[in-house]
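Remarks on the overall topology
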Amino acid sequence: MCVDLDTRMQDHDIRMGETRKGVLTMVEDRERFSFEETVGDRYTRNPLMWRGNYLNVHRDKQGCYQVNFRKMVMNRRFNPARVAKAIYTELETAKKVLGL
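Since the structure is predicted, the reported quantities are computational estimates derived from the model, not experimental observations.

What follows deals with the environment of L100. Tracing the chain through its elements places L100 in the segment after α1 (80-97). For L100, a relative accessible area of 59% translates into the label exposed. As for L100 and V23, which are separated by 77 residues in sequence, their C-alpha atoms are 43 Å apart. If we ignore the near neighbours within four places in the chain, the residues touching L100 are Y65 and K95.

The residue E90 is located in helix α1 in this model. One buried charged residue, E90, remains without a salt bridge, the closest side chain of opposite sign being R70 at 7.1 Å. Here the side chain of E90 touches N53 through a polar contact of 2.8 Å, landing on its backbone nitrogen.

On to the side chain of E37. Following the sequence through the fold, E37 ends up in strand β3 (residues 32-37). Residue class for E37 comes out buried when judged on its relative accessible area of 12%. Those residues in contact with E37 that sit more than four places away from it in its chain are R8, M9, Q10, D11, R20, K21 and G22.

Where a protein is soluble and globular, its nonpolar side chains tend to be buried together. Residues W50, Y54, L55, V57, V83, I87, A94 and L98 constitute the largest nonpolar core, which totals eight residues. If you list the elements that add at least two residues to this core, you get β5 (55-59) and α1. Sorting elements by how many residues they give to this core places α1 first, with three residues. In this view, V83 contacts Y54, M72 and F78; residues no more than four positions away in its chain are not counted.

Looking now at the sheet that holds β3. With mixed pairing, three strands are arranged side by side in an open sheet as β1-β3-β2. Each edge of the open sheet carries a strand with a single partner, namely β1 (4-8) and β2 (22-26). For this sheet, the mean inter-axis angle between neighbouring strands, taken without regard to orientation, is 15°. The pairing of β1 with β3 spans five bridges and is parallel. What sits directly across from D6, in β3, is S34.

Glancing now at the sheet that holds strand β4 (residues 48-51). The three strands are arranged β4-β5-β6 in an open sheet whose pairing can be described as antiparallel. This sheet does not close on itself; its edge strands, each paired only once, are β4 and β6 (65-69). Going from strand to strand, the sheet's axes swing by 20° on average, the running direction of each strand aside. Judged from the three bridges that link them, β4 and β5 form a sheet pairing that is antiparallel.

Conventions we followed
- Residues numbered from 1 in each chain as written.
- Predicted model: local features only at pLDDT ≥ 70, side-chain atom pairs only at ≥ 80, totals over all residues.
- Heavy atoms only, no water.
- Helix = DSSP H or I, 4+ residues; strand = E, 2+ residues; numbered from the N terminus.
- Buried < 20%, exposed > 50% of the residue type's maximum accessible area, 1.4 Å probe, protein only.
- Contact = heavy atoms within 4.5 Å.
- Lys, Arg positive; Asp, Glu negative; His and termini not counted.
- Salt bridge = Lys/Arg side-chain N within 4 Å of Asp/Glu carboxyl O.
- Polar contact = N/O pair within 3.5 Å; in protein donor to acceptor, adjacent residues only side chain to side chain.
- Core = buried A, V, L, I, M, F, W, Y, C linked by side-chain atoms within 4.5 Å.
- Pairing = 2+ DSSP bridges.
- Axes fitted to C-alpha atoms, helices over the stretch in contact; angles between N-to-C directions.

Encoded structure:
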C-alpha cells in the first residue's frame, strides 16, 4: 500500500512493535490517512486517602485500603506505649474519615 499516514500521538512517536489505540480516518482521497491516538484513563498509583502523624492510608487498584507506617525514629525518648496508643487513635480516625 502506498499511502500517506499522518500521526498525532499523546506522548512520543510510535516505536517498532508498539501498539496504540486511536482513530484512523481517511482524509480527502484514498491515499491519505490520519491517525489520532486516544487518551486512556489514567490511574494514579495507590492514591493517598488519609495522612496521619504515624501512618498513611492508600487505596490500590482493587479499591482496598492499605495502611503504611511512616518513618519513626527510635531513641531514648521513644515511648512504645504512647506510640501504640497514638497509632490506635489514628486508625480509628482514618476509619471514620473514610466511612468504614
